[in-house]
Amino acid sequence: MGFPTIRPRRLRATPELRTLVRETSLSPKNFVYPMFFNAAIDAPCPISSMPGVHQFPVSAAREQAKAIKARGVNSVILFGLPKTKDDRGSSGLDPDGPVPRAIAEMKSAVPELVMMADVCVDEYTEHGHCGILKQRRNGEWVVDNDATIEVLAEMSVVFANAGADVVAPSDMMDGRVAKIRAVLDESGLVDTSILSYAVKYASSFYGPFREAADCAPKFGDRAGYQMDPGNAREAVREAALDEAEGADMLMVKPALAYLDVIRDVRKASLLPLGGYNVSGEYAMLHAAAERGMLDYERAMMETLTSIRRAGADFILTYHALEAAELLG
Ligand code: PBG
């Protein structure tokens, strides 16, 4: 007497018991590997703030597709670095741009690979903002919502025509999902899915990505279109709007500082949900591990598990290939 008869530790006694009752599992099938294709290089170029991540020339696309598939990862999302930029992101509409060309190459090498394409003008504009700019009466430059969604819809058609299975708008303009769906449908691209970056915060954790994709805003910040980190109810509202506009899948980004938001959106929507384990989250683990502060592989698997446990069905992550290798 006096000893508890209810003992959760009984189920932790052996690895077999622990895996029997494990609630959350990780599989390479749930990873989406982000990749950068640069039209101006002809050999892979390492990204200094993201060890192990490279920009690739389009000529490497086929071989990359095969290597990714061989690891058991079935999905990729592509970002582009064009040769030229202007104030409207015109190079993003070029069917011979790095993303459409890489999509076509990867698709022909591995037809079953799920090809996603990030849809946003920031990689293609000189100013680095996620939209077309207009000047307010007080002289301030702001992103013009309705002019921007026209361009995003056009870009979605270009990527879909190149063979993208999924277009993923990451701009946070209002009404862009409805616009993109309408224009895809008018173009006969009824089978192209939309993964909406429905809930995207104005986050410091995108720092390394802006080097990777050369898209840091040249003035100001993205707080006029990306969400305020203090808001959770607004996330559910954004997700509901995008679902109503016709999104096929939703995403919360970043993942780690917003696990509660992933949970909230999971409860509010029946759509498949992704979490974006962003560049700063990836760089943070590398920086700590390099200094011997933590075990990189364990921290990586724990991080990925946390995102799934919070409610994400799939994870966009730069760890995809190395985690897939560990999962065997
Ligand atoms: C915008 C875009 C960004 C990321 C994905 N799409 C950058 C931003 O909003 O500034 C960030 C991804 C990451 O940090 O890994 N096209």
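Before reading on, note that the structure itself is shown above.
These numbers were taken from a predicted model, which means no experiment stands behind them.

**Structural notes on the overall build of the protein**
The helix and strand tally for the protein stands at 11 helices and 12 strands. At 20 Å, the protein has a C-alpha radius of gyration in line with the 20 Å of a compact globule built from 328 residues. In terms of its C-alpha atoms, the protein occupies a principal-axis envelope of roughly 80 × 45 × 45 Å. Within the span of the protein, comprising 328 residues, buried residues form 52% of the whole. Carbon and sulfur atoms make up 51% of the accessible area of the protein, which totals about 15100 Å².

**Observations regarding the pairing of strand 10 (residues 249–253)**
Here strand 10 lies mainly inside the structure; 5 of its 5 residues are buried. The two faces of strand 10 match: Met 249, Met 251 and Lys 253 on one face and Leu 250 and Val 252 on the other face are all buried. Strand direction decides the pairing type here: strand 10 and strand 11 (residues 273–277), joined by 3 bridges, are parallel. Bridge assignment links Leu 250 to a residue of strand 11, and that residue is Leu 273.

**Let's talk about the packing of aromatic side chains**
The tally for this structure, following the rule as stated, stands at 9 aromatic pairs. Consider the rings of Phe 36 and Phe 79, whose centres lie 5.4 Å apart with planes at 25°: the pair is stacked. With a gap of 43 residues between them, Phe 36 in strand 1 (residues 31–38) and Phe 79 in strand 4 (residues 75–81) connect regions that are remote in the sequence. Of the two residues, Phe 36 and Phe 79, neither departs from the other in class, the shared state being buried. An aromatic cluster is defined as three or more aromatic residues linked by ring pairs; in this entry it consists of Phe 36, Phe 79, Tyr 197, Phe 209, Tyr 276, Tyr 282 and Tyr 318. Here the basic side chain of Lys 253 rests over the ring of Phe 209, its NZ or CZ set 5.9 Å away from the ring centre. The lysine or arginine in question, Lys 253, covers the ring of Tyr 276, its NZ or CZ lying 4.9 Å from the ring centre.

**Looking at a positive patch on the surface**
Taken together, Arg 7, Arg 9, Arg 10 and Arg 12 make up a surface patch of like positive charges. Tracing the sequence through the fold places Arg 12 in the segment before helix 1 (15–20).

**Section: the state of the cysteines**
Evaluated as defined, the whole model comprises 0 disulfides. In this model Cys 215 remains outside any disulfide bridge; the closest cysteine sulfur is found in Cys 130, 7.2 Å from its own.

**With respect to the side chain of Glu 123**
Along the chain, Glu 123 turns up in the loop between strand 5 (114–119) and strand 6 (133–135). For the buried residue Glu 123, which engages in no salt bridge, the nearest side chain bearing the opposite charge is Lys 200, 7.7 Å off. If sequence neighbours within four positions are ignored, Glu 123 has contacts with Phe 79, Gly 80, Pro 82, Lys 85, Asp 118, Ala 213 and Cys 215.

**Some points on the pattern of salt bridges**
Inspection of every chain in the model, using the stated rule, returns 13 salt bridges. Measuring nitrogen to oxygen at the nearest pair gives 2.8 Å for the salt bridge that ties Lys 107 to Asp 165. Linking Lys 107 in helix 3 (residues 98–109) with Asp 165 in the loop between helix 4 (145–162) and strand 8 (166–169), this pair joins segments that are 58 residues apart in sequence. We note a salt bridge from Arg 181 to Asp 185, for which the minimum N-O separation is 3.0 Å. One end of the pair, Arg 181, and the other, Asp 185, are both in helix 5 (residues 176–186), 4 residues apart, so they sit about a helical turn from each other. The exposure class assigned to Asp 185 is partly exposed, which follows from its relative accessible area of 35%. Taken together, the shared-partner salt bridges connect Asp 171, Arg 176 and Asp 242 into one network.

**Structural notes on helix 5**
Of all the residues in helix 5, the buried ones are Arg 176, Val 177, Ile 180, Arg 181, Val 183 and Leu 184. Close packing links the buried residues of helix 5 with helix 4, strand 8, strand 9 (193–200) and helix 7 (233–245). Immediately downstream of helix 5, the backbone of Gly 188 shows phi near 80°, a positive value.

**Examining the environment of Val 252**
Mapped onto the elements of the fold, Val 252 is located in strand 10. The residues touching Val 252, leaving out its near neighbours within four places in the chain, are Val 199, Tyr 258, Val 261, Ile 262, Val 265, Leu 273, Gly 274, Gly 275 and Tyr 276.

**A short note on the site of the ligand**
Inspection of the region around the ligand gives 18 residues, with Lys 200, Arg 210, Lys 253, Ser 279 and Tyr 318 positioned closest. Within the contact set of the ligand, an oxygen atom lies 2.7 Å away from a side-chain nitrogen or oxygen of Lys 200. Along the lines of polarity and charge, the residues of the shell around the ligand split into 8 nonpolar, 3 polar and 7 charged.

**Digging into a nonpolar patch on the surface**
Judged by side-chain polarity, Leu 11, Leu 20 and Val 21 come together as a nonpolar surface patch covering roughly 290 Å² of accessible area. Within the secondary structure, Leu 20 sits in helix 1.

**Notes on helix 9 (residues 279–290)**
Here helix 9 is 12 residues long and its end C-alpha atoms lie 16 Å apart, about the 16 Å a rise of 1.5 Å per residue gives. Every buried residue of helix 9 is accounted for by Ser 279, Gly 280, Glu 281, Tyr 282, Ala 283, Leu 285, His 286 and Ala 288. Among the residues trailing helix 9, Gly 292 stands out with phi positive, at a value near 75°.

The rules we used
Residues numbered from 1 in each chain as written. Predicted model: local features only at pLDDT ≥ 70, side-chain atom pairs only at ≥ 80, totals over all residues. Heavy atoms only, no water. Helix = DSSP H or I, 4+ residues; strand = E, 2+ residues; numbered from the N terminus. Rg over C-alpha atoms; globule rule 2.2 N^0.38 Å. Buried < 20%, exposed > 50% of the residue type's maximum accessible area, 1.4 Å probe, protein only. Areas by Shrake-Rupley, 256 points an atom, 1.4 Å probe, with all protein chains shown as cover. Pairing = 2+ DSSP bridges. Phe/Tyr/Trp six-rings, centres within 6.5 Å; stacked < 30°, edge-to-face > 60°. Lys NZ or Arg CZ within 6 Å of the ring centre and 35° of its normal. Patch = residues over 30% accessible without salt bridge, like charges linked within 9 Å, V, L, I, M, F, W, Y side chains within 5 Å. Salt bridge = Lys/Arg side-chain N within 4 Å of Asp/Glu carboxyl O. Lys, Arg positive; Asp, Glu negative; His and termini not counted. Charge placed at Lys NZ, Arg CZ, Asp CG, Glu CD. Disulfide = S-S within 2.5 Å. Contact = heavy atoms within 4.5 Å. Near = heavy atom within 4 Å. Polar contact = N/O pair within 3.5 Å; in protein donor to acceptor, adjacent residues only side chain to side chain. Nonpolar A, V, L, I, M, F, W, Y, C, P; charged D, E, K, R; others polar. Expected span 1.5 Å × (residues − 1).

These results come straight from atomic positions and should not be treated as a statement about function.
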